[in-house]
Amino acid sequence: MKIHHLQTVAKGRQCPNCGGPVVAQFRPFCSKRCATLDLHRWLNEDYRIPAVEDEEIDDDDFEQEDTAEI
Ligand SMILES: [Zn+2]
């Protein structure tokens, strides 16, 4: 099984946009250009956060409980 290390890296000292070294002034990005590009991606909802998967599993569990007879 492959584990994605990208999330950890993004919170480190690498620009999540291009992977370059982060500059404190534009944290967590390396430059104003990357910060702006990322912001536009968010605004366009082009960004996917892998937290939806958890919600789906929760939903499944709930449905099972709901159909069980008490
Ligand atoms: Zn960058």
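Residues numbered from 1 in each chain as written. Predicted model: local features only at pLDDT ≥ 70, side-chain atom pairs only at ≥ 80, totals over all residues.

## Description of the environment of F29
No. 1: Along the polypeptide, F29 turns up in the loop between α1 (6-10) and α2 (32-43).
No. 2: Taking C-alpha positions, F29 is 8.6 Å from C18, a pair spaced 11 residues apart along the chain.
No. 3: Not counting chain neighbours up to four residues away, the residues in contact with F29 comprise C15, N17, V22, C34, A35 and D38. (Helix = DSSP H or I, 4+ residues; strand = E, 2+ residues; numbered from the N terminus. Contact = placed C-beta atoms within 7 Å.)

## A few points about the confidence of the model for the chain
Low-pLDDT stretches of the model should not have their predicted coordinates read in fine detail.
No. 1: Taken as a whole, the chain shows an average pLDDT of 73; of its residues, 46% reach a score of 70 or greater.
No. 2: Confidence, expressed as mean pLDDT per element, reaches its minimum in the chain at α1 with 47 and its maximum at α2 with 90. (pLDDT = per-residue confidence, 0-100.)

## Examining unusual backbone geometry
No. 1: R27 connects to P28 through a cis peptide bond whose omega is -5 degrees.
No. 2: Turning to its location among the elements, P28 is positioned in the loop between α1 and α2.

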